[in-house]
Amino acid sequence: MKNENSIERNKQAMYRFETMINTADDALAEELVAPDAPFYTPASPEPLYGGKGYLSVVHWMRKSFSDVQWKLEEMVADEQKVAVRWTLTATHDGEFMGLAPTGKKIKTTVMNFYYFNKEGKITNDIAADGMIGILRPLGLSII
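Novice: Whenever I open this one, the overall build of the chain confuses me. Can you help?
Specialist: Helix and strand counts for the chain stand at four helices and six strands. Secondary structure elements of the chain occur, N-terminal to C-terminal, as α-α-β-β-α-β-β-β-β-α. Since a compact globule built from 143 residues should have a radius of gyration of about 15 Å, the 15 Å found for the chain is in line with a globular shape. Overall size of the chain, expressed as C-alpha extent along the three principal axes, is 50 × 30 × 25 Å.

As structure tokens, this is what we get:
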């Protein structure tokens, strides 16, 4: 039997998460992300943990794309996870992975899966190949 309260709670958390990543809100990050949640990113060879770790990825992106924004376009949720399709927009106005600023505007689709614990906090974030949508318009290759 589905727990509709958990599903709705997880969906509402994702709308608040959208605000968190677009504003780099520390208080929201602490509220929404479990402190021991690991996040893996090109920004760090080691996993980053908790809300502060997640926001460090946001800050890393903003060094290269100061106007980066994520728009939640669509989501599917169950009691333990939410799949989100994001639209990411940004201007490459800072060095990114060794590439000098190009001024190019980027718009790409990103897909993520977020996992929740029983308290309704995010415990994991699995990203699809969203980084390719950033690298390709800048002329960078992952191979």
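Novice: Just to check I follow, could you spell out the nonpolar core for this structure?
Specialist: Inside soluble globular proteins, nonpolar side chains tend to come together where they are buried. In this structure, Met14, Phe17, Met20, Phe65, Trp86, Leu88 and Tyr114 are the most contacted members of the largest nonpolar core, which totals 38 residues. Elements that contribute at least two residues to this core include exactly helix H1 (4–23), helix H2 (26–32), helix H3 (50–64), strand S3 (69–77), strand S4 (81–91), strand S5 (105–116) and helix H4 (130–138).

Novice: Hey, could you run me through the packing of H1 against H3 in this one?
Specialist: Angle between the axes and distance between the axes: these two values describe a pair of packed helices. Across the interface, H1 lies against H3 with an axial gap of 9 Å and an inter-helix angle of 45°. Between H1 and H3, the angle falls in the class oblique. Contact residues: Phe17, Met20, Ile21, Asn22 and Thr23 in H1; Tyr54, Leu55, Val58 and Arg62 in H3. Residue composition of the contact of H1 with H3, grouped by class: six nonpolar, two polar and one charged.

Novice: Which parts of the structure should I look at to understand the pattern of salt bridges?
Specialist: Two side chains that carry opposite charge are able to pair once their charged atoms sit near each other. In the structure shown here, the tally under the stated rule is three salt bridges. With a shortest N-O distance of 3.1 Å, glutamate 74 and arginine 85 are connected by a salt bridge. With glutamate 74 in strand S3 and arginine 85 in strand S4, this pair connects stretches of sequence that are eleven residues apart. Taking relative accessible area as the criterion, arginine 85 reaches 30% and is therefore assigned partly exposed.

Novice: Please explain unusual backbone geometry as it appears in this structure.
Specialist: Backbone geometry follows two general trends: most residues other than glycine have a negative phi, and most peptide bonds adopt the trans configuration. We note that alanine 24 has phi near 55°; this positive angle belongs to a residue other than glycine. Positionally, alanine 24 belongs in the loop between H1 and H2. Assessed through its relative accessible area of 16%, alanine 24 is described here as buried. Located in the positive-phi region is methionine 97, a residue other than glycine, with phi close to 50°. By the element assignment, methionine 97 lies in the loop between S4 and S5.

Novice: Is there a simple way to think about H3 in this case?
Specialist: Because the α-helix completes a turn every 3.6 residues, residues three or four places apart line up on one side. Counted at 1.5 Å a residue, the expected span for H3 with its 15 residues is 21 Å, and the 23 Å between its end C-alpha atoms agrees. Considered for burial, the residues of H3 that qualify are Gly50, Gly51, Gly53, Tyr54, Leu55, Val57, Val58, Trp60, Met61 and Ser64.

Novice: Looking at this model, I keep getting lost on the pairing of strand S6 (residues 122–127). Mind explaining?
Specialist: Remark: a regular strand shows side chains that alternate across the two faces of the sheet. Strand direction decides the pairing type here: S5 and S6, joined by five bridges, are antiparallel. Counterpart to asparagine 112 in the pairing with S6 is alanine 127. Taking the residues between adjacent antiparallel strands as the criterion, S5 and S6 are bridged by five residues, where glycine 120 takes a positive phi near 85°.

Quick notes on the rules
- Residues numbered from 1 in each chain as written.
- Predicted model: local features only at pLDDT ≥ 70, side-chain atom pairs only at ≥ 80, totals over all residues.
- Heavy atoms only, no water.
- Helix = DSSP H or I, 4+ residues; strand = E, 2+ residues; numbered from the N terminus.
- Rg over C-alpha atoms; globule rule 2.2 N^0.38 Å.
- Core = buried A, V, L, I, M, F, W, Y, C linked by side-chain atoms within 4.5 Å.
- Buried < 20%, exposed > 50% of the residue type's maximum accessible area, 1.4 Å probe, protein only.
- Axes fitted to C-alpha atoms, helices over the stretch in contact; angles between N-to-C directions.
- Parallel < 35°, antiparallel > 145°, perpendicular 65-115°, else oblique.
- Contact = heavy atoms within 4.5 Å.
- Nonpolar A, V, L, I, M, F, W, Y, C, P; charged D, E, K, R; others polar.
- Salt bridge = Lys/Arg side-chain N within 4 Å of Asp/Glu carboxyl O.
- Expected span 1.5 Å × (residues − 1).
- Pairing = 2+ DSSP bridges.

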